[in-house]
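Okay, here's what each chain looks like letter by letter:
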Amino acid sequence: MTALILDGKKLVKEREVALTASVAELVKNNPVPILATILVGSDPASGTYVQMKGNACRRIGMDSIKVEMSEETTTEQLLAKINELNANPDVHGILLQHPVPSQIDERLCFDAIAIEKDVDGVTTKGFGLMAMGEEAYGSATPAGIMHLLAHYNIDLNGKHAVVVGRSPILGKPMAAMLLNANCTVTICHSRTQNLADHIKQADILVGAVGRPEFIKAEWIKDGAVVVDAGYHPGGLGDIDKTGLEGRVSALTPVPGGVGPMTINALISQTLEAAQKASS
Ligand code: NAP
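Below is a short write-up of the structure. (Residues numbered from 1 in each chain as written. Predicted model: local features only at pLDDT ≥ 70, side-chain atom pairs only at ≥ 80, totals over all residues. Heavy atoms only, no water.)

**Observations concerning the packing of aromatic side chains**
Here comes step 1: Overall, the coordinates contain one aromatic pair when judged by the stated rule.
Here comes step 2: Relative to Trp219, the ring of Phe214 lies with its centre 6.4 Å away and its plane at 85 degrees, an arrangement referred to as edge-to-face. (Phe/Tyr/Trp six-rings, centres within 6.5 Å; stacked < 30°, edge-to-face > 60°.)

**Focus on the site of the ligand**
Here comes step 1: As a matter of local geometry, the ligand sits amid 22 residues, with Arg166, Ser167, Ser190, Ala229 and Thr262 nearest to it.
Here comes step 2: Interatomic distance of 2.8 Å between a side-chain N/O atom of Arg166 and an oxygen atom of the ligand.
Here comes step 3: Contact distances for the ligand include 3.4 Å between an oxygen atom and a backbone N or O atom of Ala229.
Here comes step 4: When the free accessible area of the ligand is taken as 920 Å², the share hidden by the protein chains comes to 71%.
Here comes step 5: If you tally residues by element for the shell around the ligand, the top one is helix α9 (residues 258–278), at three residues.
Here comes step 6: Partitioning the shell around the ligand into residue classes produces nine nonpolar, ten polar and three charged. (Near = heavy atom within 4 Å. Polar contact = N/O pair within 3.5 Å; in protein donor to acceptor, adjacent residues only side chain to side chain. Areas by Shrake-Rupley, 256 points an atom, 1.4 Å probe, with all protein chains shown as cover. Helix = DSSP H or I, 4+ residues; strand = E, 2+ residues; numbered from the N terminus. Nonpolar A, V, L, I, M, F, W, Y, C, P; charged D, E, K, R; others polar.)

**Observations regarding the environment of Ala80**
Here comes step 1: Checked against the element boundaries, Ala80 lands in helix α3 (residues 75–87).
Here comes step 2: Placed 151 residues apart in sequence, Ala80 and Tyr231 show a C-alpha to C-alpha distance of 32 Å.

**Observations concerning the side chain of Thr252**
Here comes step 1: Within the secondary structure layout, Thr252 lies in the loop between β9 (250–251) and α9.
Here comes step 2: Residue Thr252 is classed as buried on the basis of its relative accessible area, which comes to 1%.
Here comes step 3: If we skip the residues at most four places from it in the chain, Thr252 touches Leu6, Leu148, Val226, Val227, Asp228, Lys241, Gly257 and Val258. (Buried < 20%, exposed > 50% of the residue type's maximum accessible area, 1.4 Å probe, protein only. Contact = heavy atoms within 4.5 Å.)

**Brief notes about the sheet that holds strand β4 (residues 93–96)**
Here comes step 1: Strand order in this open sheet of three strands is β3-β2-β4, and the pairing throughout is parallel. Of all strands in the sheet, those bounded by a partner on one side alone are β3 (63–69) and β4. In this sheet, adjacent strand axes meet at a mean angle of 20 degrees when their direction is disregarded.
Here comes step 2: Both strand β2 (residues 34–40) and β4 contribute to a ladder of four bridges, which runs parallel. Its bridge partner lying in β4, Ile38 is registered against Leu96. (Pairing = 2+ DSSP bridges. Axes fitted to C-alpha atoms, helices over the stretch in contact; angles between N-to-C directions.)

**A closer look at a nonpolar patch on the surface**
Here comes step 1: Together, Tyr49, Met52 and Tyr231 give the surface a local cluster of nonpolar side chains, amounting to about 300 Å² of exposed area.
Here comes step 2: With respect to the element layout, Met52 can be found in helix α2 (residues 44–59).
Here comes step 3: By relative accessible area, which is 39% here, Met52 ends up partly exposed. (Patch = residues over 30% accessible without salt bridge, like charges linked within 9 Å, V, L, I, M, F, W, Y side chains within 5 Å. Salt bridge = Lys/Arg side-chain N within 4 Å of Asp/Glu carboxyl O.)

**So, the layout of surface pockets**
Here comes step 1: There is about 500 Å³ of room inside the second largest pocket.
Here comes step 2: Lining the second largest pocket are 28 residues, with Ala136, Tyr137, Gly138, Glu272 and Lys276 sitting closest to its centre.
Here comes step 3: Only α5 (124–131), α6 (140–151) and α9 provide two or more residues apiece to the lining of the second largest pocket.
Here comes step 4: Considering every element that reaches the lining of the second largest pocket, the biggest residue donor is α9, with six residues.
Here comes step 5: For the lining of the second largest pocket, the residue count by class is 13 nonpolar, seven polar and eight charged. (1 Å grid on protein atoms, 1.4 Å probe; cavity = no way out; pocket = protein on both sides within 12 Å on 5 of 7 lines; lining within 4 Å. Points joined across faces, edges and corners; volume = space filled by probe spheres on them.)

Structure (C-alpha cells):
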C-alpha cells in the first residue's frame, strides 16, 4: 500500500482561486473584508503566524489590520482592544494569536470576541454551537483538517478516530467535529494509560500533542489515515513517520499538510463573516 498524501499546500492553492473569485464578487457592492489580527508580545513564531495570516488575506483580495500589543499588556487592556474591534463595522473577523503572555486571562479574552467575528472558532459559545452541530465557525486547525479529509474523500462514517491531545483550540474541537462526522472517537491526553494500545485501534489518527515525533510509527495500524497537526523546528511533526508511507492509507506531510489548511480555514471563515454582514 502506498499512502495517499493529503497535500494541504496544493489544496490551498485551489481553494484560494475560488476564494479570490468570491471576494471579487462581494466587493462589487460591499467593502473589502477585513481580518483584525492581535499579537500580544514578541514571540517570533507567533509573529510569523500572524504575518502569514495577513498575507493569505491579501492573496485573495481581503485586507488585514495588525494590532500589536506589548508583552506587559493586561487582561483589561486586551479586553478593551477586543471590544473596540467588536464595535468596528469595518472589521469582519478577529484573530487573537495564541498563546498570550501568562498574566493575561486568555479564555476571558477569547470569549470577549463577538460570536459573529469569531472566525478562528475560539469562543466557548462557538465551540458549544459547533459541538451541538449548530452553525458556528469551527476552530481553524480542526476545521482545516476536516476540509482536507473531505477533499480527499476520506470515509469517516463509523470509523474509529483517535485524537491525541485535548487542547481547547485543537484536540477537543477536532474530536467534536469527527463525532459530528459519525466517527467513534477516543480522545487521549497526558493522563491516558496505555496510549499505544489506543493508537493501535485508530482508523483515523490525529496527532496534536505538541512534542516532536512523540507518536511512534510502530503504534499505528496498517491502512490508517494519519493526520499530523504538529509542527516543530526542523520540519518535524508530532508523529514519527518512519516507514508509514508504505503501509498506511493516507498521510499528511509536515510541512505542507495541516498548517496551510489552518490559515485557509481562517480566511475562508472571515470571508463568510463578511458575506453574512453584507446580507
Ligand atoms: P497544547 O495546548 O500544548 O496541547 C497538547 C495536548 O497534548 C494536551 O491536551 C496534552 O494533554 C497532550 N499531551 C501532552 N503530553 C502528552 C502525552 N505524553 N501523552 C498524551 N497526550 C499528551 O497544544 P496544541 O495547541 O493543541 O497543539 C498541538 C500541536 O499542534 C503542536 O505541535 C502545535 O505546534 C500544533 N499546532 C499546529 C497548528 C497548525 O496550524 N498546524 C495550529 C495549532 C497547533 P493534557 O491536556 O493532559 O495536558
